[in-house]
Amino acid sequence: MSYLVSLLVLSGLIFFHELGHFTAARLMGVYVEVFSIGFGKRLLTFRAFNTEWSISAIPLGGYVKMKGQDDSDPTKKSYDPDSYNTKTPIQKIFILLAGPLANFVLAFILYFAIAMGNPSILAPVVGSVVKDSPAFVAGLESNDTILSINGKQISSWKEMAKTISAAQGPIALEINREGYLKQITLTPKLQDAKNMYGEDVKRKMIGISAAGVMKKQDMNIIEKLKYATDQTIFASTLIFTGVQKLLTGDVPASEMGGVISIVKLTSDASAAGWMSVLFFAALISVNLGVLNLLPIPALDGGHIMFNLYELFFRREPNEKIVMNLTIAGWVILFGLMGLGVFNDINRLIG
């Protein structure tokens, strides 16, 4: 059942992405011949809105086939009024951007749905205290709740850690210990740590771990909208930075995951409850949006680059060059997909 949920989530995200392209194309007067979820042999086909809608055998993507556009052969063009080729570079870029933009919008909607359920966050309650650490020396104890740092109210463990890491010099903690308020002053210590990309970094810490106490967030509608916006921006930045670090070699290629990881993680999320599924679906949706903006000719970002060339130089790029770059793009894309699956299998074996 959980793997069926994974398939439905992935298909839903792809559908929303392609729906962005479809809607923008129709707005620009482009005839959409086929709207397909999946590749390969068509399992189910019907016709609606003057378009052939299909569900295909390989559920690893999808496509919208517009009149005059053929990724398998970019030289095949049509110059009819309802063709993609007759549109201006700006109109074509709008159509291409609509898919990734739809993924960002969907992520925002999903994060807002999560906020409507008042999700739980990790409370700033002390679990264990490291011996001889600043917290130990200052007298912090297990089950202490940190209420404020330097007069700033603290509502979550994440906020507390961020405040401590950014602090300059000694910090003043207000804590709740078994119903009594106490004031403690200590100086964070710069220590070795790992960031979310697995890189070695230096971070100011005080030597405590979380007690694992969760608490519900009570947000009004404005705070819920802000939560959805912040989470969408954070996820986008996270993935953009991750891709950049992969390209520069700061993060090893072995960290890259593939479709097996996506299915497994979505399956695990479904076992944890609907809110976990929504959270992970939002993250994958942002991932799809970001990755499709990469300047690889087989992706939206590559087509955007071609249209930017046409916009700036007032002529279409050379057909032979476009064809060669498109083939190279597909090689890169399939290579990355293969690497992701290879890493997934290695993790499963390991």
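Residues numbered from 1 in each chain as written. Predicted model: local features only at pLDDT ≥ 70, side-chain atom pairs only at ≥ 80, totals over all residues. Heavy atoms only, no water.

S.K.: Please give an account of the sheet that holds strand β8 (residues 180–186) that cites residues and values.
M.R.: Sheet strands pair via backbone hydrogen bonds, and the direction of the pair is either parallel or antiparallel. The strand order across the open sheet built from four strands is β6-β5-β7-β8, with neighbouring strands paired in antiparallel fashion. Strands at the two margins of the open sheet, each flanked by one partner only, are β6 (152–153) and β8. Sheet topology places strand β7 (residues 171–177) next to β8; seven bridges connect them, and they run antiparallel. Looking across to β8, one finds that Ile171 is bridged to Leu186. Set on the sheet, helix α4 (residues 157–166) makes contact with β5 (145–149), β6 and β7; between it and β5 the angle comes to about 45°. (Pairing = 2+ DSSP bridges. Helix = DSSP H or I, 4+ residues; strand = E, 2+ residues; numbered from the N terminus. Contact = heavy atoms within 4.5 Å. Axes fitted to C-alpha atoms, helices over the stretch in contact; angles between N-to-C directions.)

S.K.: Describe the pairing of β5, naming the residues involved and giving the relevant values.
M.R.: Sheet topology places β5 next to β7; four bridges connect them, and they run antiparallel. Bridge pairing in β7 places Ile149 opposite Leu173. Where β5 lies against β6, two bridges are found, and the strand directions are antiparallel. If you follow Ile149 over to β6, its bridge partner there is Lys152. Between β5 and β6, which pair antiparallel and follow one another directly, the connecting turn spans two residues, one of which, Asn150, has a positive phi of 50°.

S.K.: Please set out helix α5 (residues 221–248) residue by residue, giving values where relevant.
M.R.: Given 3.6 residues per helical turn, the α-helix brings residues three or four places apart onto the same face. Its 28 residues place the ends of α5 41 Å apart at the C-alpha level, agreeing with the 40 Å of an ideal helix rising 1.5 Å per residue. When we look at burial in α5, the residues that qualify are Lys224, Tyr227, Ala228, Gln231, Thr232, Ala235, Ser236, Ile239, Gly242, Val243 and Lys245. Turning to α5, the residues buried within the fold contact α2 (89–116) and α7 (274–291). The backbone nitrogen of Ile222 has a side-chain oxygen 3.1 Å away, supplied by the residue at the start of α5, namely Asn220. (Expected span 1.5 Å × (residues − 1). Buried < 20%, exposed > 50% of the residue type's maximum accessible area, 1.4 Å probe, protein only. Polar contact = N/O pair within 3.5 Å; in protein donor to acceptor, adjacent residues only side chain to side chain.)

S.K.: Please give an account of α7 that cites residues and values.
M.R.: In this model α7 runs 25 Å from its N-terminal to its C-terminal C-alpha over 18 residues, within 8% of the 26 Å that 1.5 Å per residue would give. Within the span of α7, buried status applies to Val277, Leu278, Phe280, Ala281, Ala282, Ile284, Ser285, Val286, Gly289 and Val290.

S.K.: Outline the packing of aromatic side chains, listing residues and values.
M.R.: Considering all chains together, one arrives at nine aromatic pairs under this definition. On the basis of an interplanar angle of 25° and a centroid distance of 4.5 Å, the ring pair of Phe35 and Trp53 is categorised as stacked. On the criterion of sequence distance, the pair formed by Phe35 in strand β1 (residues 32–48) and Trp53 in strand β2 (residues 51–66) is long-range, its members being 18 residues apart. Here the two residues Phe35 and Trp53 agree in accessibility, since each one is buried. With 5.8 Å between their ring centres and 15° between their planes, Phe39 and Tyr63 make a pair best called stacked. With Phe39 in strand β1 and Tyr63 in strand β2, this pair connects stretches of sequence that are 24 residues apart. In this structure an aromatic cluster arises from ring pairing among Phe15, Phe22, Phe35, Phe46, Phe49 and Trp53. (Phe/Tyr/Trp six-rings, centres within 6.5 Å; stacked < 30°, edge-to-face > 60°.)

S.K.: Any chance you could break down the environment of Asp200 for me, citing the residues and the numbers?
M.R.: Examined against the element boundaries, Asp200 turns out to sit in strand β10 (residues 200–205). Residue classification places Asp200 among the exposed residues on the basis of a relative accessible area of 65%. Filtering out sequence-adjacent residues up to four positions away, Asp200 remains in contact with Ala193 and Lys194.

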